Amino acid sequence: MFVAPLRLVVFLYLGRVLGTQLPQSNLQNITGAQPFPWHEMRLPQSVVPVHYDLAIHPNLTTLTFSGVVRIRLDVLEDTNAIVLHAKQLETSNAKLKTPEGVRPLQVVDNFVHQQLALMSDEVIPKGQDYEVYMEFSANLSDSYHGFYKSSYRTSGGELRILASTQFEPTSARAAFPCFDEPAFKANFTISIIREAQHIAISNMPKTKTVALPGNVFEDHFATTVKMSTYLVAFIVSDFHSVSKMTQNGVKISVYAVAEKLNQTDFALDAAVKLLDFYDNYFNIPYPLPKQDLAAIPDFQSGAMENWGLTTYREAALFFHPEKSSITDKLQIAKIIAHELAHQWFGNLVTMEWWNDLWLNEGFAKFMEFIAVDATYPELQANDLFLGKCYNAMEVDSLASSHPISTPVENPAEIQEMFDDVSYDKGACILHMLEDFLTPEVFEVGLVRYLKRYSYRNTVNSHLWESLTNVCDLNDLPGVSSKQKAFCSKHTLRSGEYYDGDKFDVKAIMDTWTLQKGFPLVSVEVKTRKIMLTQQHYLKIEPKPTITKDTTGKNKDTTGKNKDTTEKKLIWRIPLTYKTSDSPTTHHVLMKSEVDVLRLPNQVDWIKFNVDMSGYYVVNYGKDGWKAMIKLLHNNHTALSGKDRASLIHDVFRLVSIKMVSLETALDLATYLSRETDIMAVTQGFRELIPIYKLIERREVAFLDEGMKAFMLDLFKNLIDSQRWDDSGSTSERTLRGYLLLFACVRNYTPCVSKASQLFNMWKDSDGKMSLPVDVTLAVYAVGAQTPEGWDFLFEFYRATLQMSVQSRIKLALTISPLRKKLKWLLAQSLLGEVVKTQDLPDLLVSISRNPRGHRLAWDFLRANWPTLIKKFEVGSSSIAHMVMGVASPYSSSTLLKTVEKFFGSLTVETGSKMRCIQQVYDVIKDNINWAETNFPILQYWMKKRQKFIHEDL
């Protein structure tokens, strides 16, 4: 599943992850005459499904559905009860077909655990053939999960209704009774009853259509491959489609509302190209005869990987060659690449349980960059990868973070796993391992993993075993000629690495997946000897509350006995470095708290974490940072753009934990006045804009003007050099959009004047004038500053069918200083008529970053909390995004108390235990500490800088 991110253009103006737990008590809501026979959240292993026959009939007039499910079972232990999942379903007429005949089953509910027990009066002996029959019915969901209602309006204003599914992670049970855990894989044969004006699509191709009385039709679909319930999908709609074939004969189709079908050409071509790439890369043919991509008008996340029927937000598929930007094109390619990667990582090979979600999502995030870089190199996808690692580190630096592999039980806890740690950190540690093993070795190991565990479930250790002894060809069935050629050229000694040390992949990677956070590596240079020390990078140390444990010993709230020494976190770190003496990248594995390197010669500087290939922060010490600052100011191109970006990132991370002075970080950042690389420039934005927003929230007048002037001065030459057109490479065009938005929002006169001129010309043409796409966001943002401009933009948003244009207008509207307009926009997005409610999380967060809107956003979040958690679900990434986005920029004790009071008033059912709430507390405390420590330093540095500027004049 692709979780829709806040794009960096939003961050430039604005600024940003996940959380939740439901009650884990064994209290049960029970119907029937006997107690519920099972007391765990996870299902028993005594009965497993083999095959589902599912017939379902959605009524798009009454907004209900009904159906019948037959489940063929494998009974592994004698039992009187078959326990499976159901959520908000009316079930009836439950029967068990046995070799001796059919017997009725009593249905007992456990609503808290979302389980049904089908009780038999007689023992069901193991080892025989059984089939459960049940009838069920429910309302189509009003949320974005389960079998839910979606709608759209035609350009003529007609309302059209459709029904679509979203089952990941635990919502298949809301559509039909099933064993709704990923390890219970089975085959599915599905049939759907629909009216004549609709079509039905599902995971597999349609095999036949049967006319039924009442002018309805029943579509039958081929039986699926063996798969998990969360991957089942079906849609009933009036969509139209376009299709193409891959090189290997797979039919690719894109489904969408008729009036927007002309925006699907790029998505169709990209899907064909990317599926062919994966077929070749994995050396495992895509196993289904077709792959559909469906654009759903109402969709919470970015996209979903249902096997053979991937579903998307409309904006994630629609591209117009004249109205969409180059970044739109890149984003669409990445999302499709992500979902198609899941057809192997997640669908073919599936994590055993949700604690290892990263085996699905981390891999898909990692592969989207590999695939897009290979198929569309001109889109320069890898320029964005560093940002994913930095996003993950922001969350992972908090005490409230969690290991990549984390125990979870209930649906709300599972929802919380869909966060930056599972996605972005997962991708970044895979990239680190690939760099250390080499891409060739890594690819051979991945193919072995997929071949070995096809149609099965895995845990972390299965992956690490597959990446060990990769050239044991006897253990790699169906090995490709490319892999044989590689292994014949490379003698890889079993279990060894470059320096002869024992290379244990599992031992290394367990330190990255089974413990939270990441290391800070401190470097001390003593002539040719390099002293290395690692420690846990942590922004806010938890302050324990001392209580008594069951033995009477002191125990803090972190669960540690105060009478024992806390165990230090130690990582096995694949270090990379290069020096002023040699451009060669060196690799070494740091396995202990302290290590020593010896260089052949004394060097002027040493740069660790080359191209940010590793997931760690580096502190070079006082002299080391002086050397880096000197290098960047005198010859910054001696380092790559990625290396320069990582230096900017690391120095500001060290400011946050008081290991480096803010003066040092700002002295380093001043080199940016000569920078043109997108990664370094955008990293400068990532560090400096949050500081400015912190100042703006605290209303520190002198720092406000000084910081704004400093940022504009840094990037002035680069801003002034921008052309107001669509020329240049992908990176140049993307950077242009960032820079012009930044300059116009900061009221840089030349930018505002040009944007105002273009907006007035466009408005006077009634929106018919063609604007350069790369500059439209800046133009719209300036136009939205007046009531007349805002109204014109909104009406244009309402009328246009171009999704990319709508996306830019929505963002521009949130940047407006017009408080009444912002408040009205939030109300409209909650109604969902003109502005889709799916867009509410991003709109709310964007408005909260607006100095005129942050109070509105907080008040809106509190006032509408019950509605929001019903629509988006407790624990979801959308709820976490709103919580973190709205509340985390606060930086005063008073506001911290306000936030704590509201979230403290919630119940477990309404989200009080969500991880994102503790993350918000951590971030606000960090903001308070940062401001108290660094505002005086910043004021001193600004005055000193102004003095130097005046002296130069």
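Preceding block: the structure.
Here is what the cut-offs are and how they apply
Residues numbered from 1 in each chain as written. Predicted model: local features only at pLDDT ≥ 70, side-chain atom pairs only at ≥ 80, totals over all residues. Heavy atoms only, no water. Helix = DSSP H or I, 4+ residues; strand = E, 2+ residues; numbered from the N terminus. Rg over C-alpha atoms; globule rule 2.2 N^0.38 Å. Buried < 20%, exposed > 50% of the residue type's maximum accessible area, 1.4 Å probe, protein only. Areas by Shrake-Rupley, 256 points an atom, 1.4 Å probe, with all protein chains shown as cover. Lys, Arg positive; Asp, Glu negative; His and termini not counted. Charge placed at Lys NZ, Arg CZ, Asp CG, Glu CD. Phe/Tyr/Trp six-rings, centres within 6.5 Å; stacked < 30°, edge-to-face > 60°. Lys NZ or Arg CZ within 6 Å of the ring centre and 35° of its normal. Salt bridge = Lys/Arg side-chain N within 4 Å of Asp/Glu carboxyl O. Pairing = 2+ DSSP bridges. Axes fitted to C-alpha atoms, helices over the stretch in contact; angles between N-to-C directions. Core = buried A, V, L, I, M, F, W, Y, C linked by side-chain atoms within 4.5 Å. Contact = heavy atoms within 4.5 Å. Disulfide = S-S within 2.5 Å. Parallel < 35°, antiparallel > 145°, perpendicular 65-115°, else oblique. Left-handed = near helix turned anticlockwise from the far one by under 90°. Nonpolar A, V, L, I, M, F, W, Y, C, P; charged D, E, K, R; others polar. Polar contact = N/O pair within 3.5 Å; in protein donor to acceptor, adjacent residues only side chain to side chain. Expected span 1.5 Å × (residues − 1).

K.L.:
Just checking my understanding: could you explain the overall build of the protein chain for this structure?
P.N.:
If you tally the helices and strands in the protein chain, you get 28 helices and 31 strands. Its C-alpha atoms give the protein chain a radius of gyration of 28 Å, near enough to 30 Å, the size a compact globule of 953 residues would have. Principal axes of the C-alpha set define a box for the protein chain whose edges measure 95 × 70 × 65 Å. Sorting the 953 residues of the protein chain into buried and exposed places 61% on the buried side. Accessible surface, the protein chain: about 35,900 Å² in total, of which carbon and sulfur atoms supply 50%. When the 103 basic and 107 acidic side-chain charges of the protein chain are each reduced to a single mean position, those positions are 4 Å apart.

K.L.:
Quick question: what am I supposed to make of the packing of aromatic side chains here?
P.N.:
The relation between two aromatic rings is expressed through the spacing of the ring centres and the mutual angle of the planes. Counted by the stated rule, this structure contains 56 aromatic pairs. By the ring-pair criterion, three or more aromatic residues cluster together here, those being F277, Y278, Y281, F282, Y286, W344, F345, W358, F363, Y449, Y453 and W464. Seen from the ring of Y133, K95 lies directly overhead, with NZ or CZ sitting 5.2 Å from the centre. Its end group placed over the ring of Y376, K273 keeps NZ or CZ at 4.3 Å from the ring centre.

K.L.:
Would you take a moment to explain the pattern of salt bridges for this structure?
P.N.:
Any two side chains of opposite charge can pair, given that their charged atoms come close. This model, assessed by the stated rule, comprises 43 salt bridges. Of the charged contacts in the structure, one is a salt bridge between R173 and D180, with a shortest N-O distance of 2.9 Å. Of the two residues, R173 and D180, neither departs from the other in class, the shared state being buried. With a shortest N-O distance of 3.3 Å, R313 and D839 are connected by a salt bridge. Note that R313 is positioned in strand 20 (residues 309–313) and D839 in the loop between helix 22 (819–831) and helix 23 (840–849), a separation of 526 residues in sequence. Each of R723, D725, D726, R733, R736 and D774 takes part in a single network of salt bridges with overlapping partners.

K.L.:
When you look at the sheet that holds strand 8 (residues 129–139) in this model, what are you seeing that I'm missing?
P.N.:
Backbone hydrogen bonds hold the strands of a sheet together, and the pairing may be parallel or antiparallel. The strand order across the open sheet built from eight strands is 5-4-8-2-1-11-14-13, with neighbouring strands paired in mixed fashion. Two strands bound the open sheet, and with one partner strand each, they are strand 5 (101–104) and strand 13 (206–212). If you compare each strand with its neighbour and ignore which way they point, the axes differ by 20° on average. Both strand 4 (residues 90–98) and strand 8 contribute to a ladder of six bridges, which runs antiparallel.

K.L.:
Would you take a moment to explain the nonpolar core for this structure?
P.N.:
One recurring pattern in soluble globular proteins is that nonpolar side chains are buried together. Counting residues in each nonpolar core, the largest one holds 321 residues, and the members touching the most others are F176, I336, F608 and F903. In terms of residue count, the dominant contributor to this core is helix 28 (residues 915–952) (13 residues). The contact partners of F608, leaving out residues within four places of it in the chain, are V523, I530, L532, L575, T576, Y577, L597, V618 and Y620.

K.L.:
When you look at the state of the cysteines in this model, what are you seeing that I'm missing?
P.N.:
According to the stated counting rule, one finds two disulfides in the structure shown. A disulfide bridge connects C389 with C428, and the sulfur atoms are separated by 2.0 Å. A torsion of -105° about the S-S bond marks the disulfide between C389 and C428 as left-handed. Taken together, the positions of C389 in helix 5 (residues 385–396) and C428 in helix 7 (residues 420–437) put the pair 39 residues apart, joining distant regions of the chain. Accessibility expressed as a relative area gives 2% for C389, which makes it buried. Assessed through its relative accessible area of 1%, C428 is described here as buried. There is a disulfide in this structure between C744 and C751, and the S-S distance comes to 2.2 Å. Torsion about the S-S bond of the C744 and C751 cystine: about -90°, corresponding to left-handed handedness.

K.L.:
Explain the packing of helix 5 against helix 7 here, please?
P.N.:
Helix-helix packing is described using two parameters, namely the angle between the two axes and the distance between the axes. Direction vectors running N to C along helix 5 and helix 7 enclose 125°, while the axes themselves pass 8 Å from each other. Between helix 5 and helix 7, the crossing angle belongs to the class labelled oblique. Once helix 5 is placed against helix 7, the crossing between them reads as left-handed. Contacts between helix 5 and helix 7 pair F385, K388, C389, N391, A392, V395 and D396 from the former with D420, V421, D424, K425, A427, C428 and H431 from the latter.

K.L.:
Got a minute to help me understand the packing of helix 19 (residues 776–783) against helix 21 (residues 803–814) in this structure?
P.N.:
Two elements in contact, helix 19 and helix 21, have axes whose closest approach is 8 Å; the angle formed by their N-to-C orientations is 40°. The orientation of helix 19 relative to helix 21 falls into the category oblique. Crossing handedness for the pair helix 19 and helix 21: right-handed. On helix 21, the residues touching T776, L777, Y780 and A781 of helix 19 are V805, R808, I809, L811 and A812. Per-class residue counts for the contact of helix 19 with helix 21 are seven nonpolar, one polar and one charged.

K.L.:
Where do I start with the pairing of strand 10 (residues 159–166) in this structure?
P.N.:
On a regular strand, one side chain projects to one face of the sheet and the next to the other, so that they alternate. Taken together, the eight bridges between strand 9 (residues 146–153) and strand 10 define a ladder with antiparallel strand orientation. Its bridge partner being in strand 10, S150 is matched across the sheet by L162. Hairpin connection of strand 9 to strand 10: five residues between the antiparallel strands, including G157 at a positive phi of 95°.

K.L.:
Would you take a moment to explain the sheet that holds strand 19 (residues 303–304) for this structure?
P.N.:
The strand order across the open sheet built from five strands is 16-17-18-20-19, with neighbouring strands paired in mixed fashion. Across the chains shown, the open sheet's two edge strands, defined by having one partner strand only, are strand 16 (240–245) and strand 19. As paired strands, strand 19 and strand 20 are joined by two bridges and run antiparallel to one another. Counterpart to M304 in the pairing with strand 20 is T311. Strands in contact with helix 3 (residues 326–342) are strand 18 (290–296), strand 19 and strand 20; relative to strand 20, the strand with the most contacts, it is inclined by about 150°.

K.L.:
I tried to follow the side chain of T579 on my own but got confused; where do I start?
P.N.:
Mapping T579 onto the fold places it in strand 27 (residues 573–579). There is a polar contact of 3.1 Å between the side chain of T579 and the backbone nitrogen of D581. With residues near it in sequence (within four places) discarded, T579 still touches L599, V603, W605 and I606.

K.L.:
Looking at this structure, I do not really get unusual backbone geometry. What am I missing?
P.N.:
A negative phi holds for most residues other than glycine; trans holds for most peptide bonds. In the segment running from E168 into P169, the intervening peptide bond is cis, with an omega of 0°. Position of P169 among the secondary structure elements: in the loop between strand 10 and strand 11 (187–195). Residues other than glycine seldom take positive phi values, yet N283 does so here, at roughly 55°. With respect to the element layout, N283 can be found in the loop between helix 2 (265–282) and strand 18. Positive phi values are uncommon outside glycine, yet E699 reaches one of about 55°. Examined against the element boundaries, E699 turns out to sit in the loop between helix 15 (678–698) and helix 16 (701–720).

K.L.:
So what exactly am I meant to see when it comes to helix 15 here?
P.N.:
Each turn of an α-helix holds 3.6 residues, which means side chains three or four residues apart point in the same direction. Taking 1.5 Å per residue as the helical rise, helix 15 with its 21 residues ought to reach 30 Å, and the 30 Å between its terminal C-alpha atoms agrees with that figure. Where helix 15 begins, the side chain of D677 points an oxygen toward the backbone nitrogen of M679, at a separation of 2.9 Å. Note on helix 15: the residue one or two positions beyond its end, E699, has a positive phi of about 55°.

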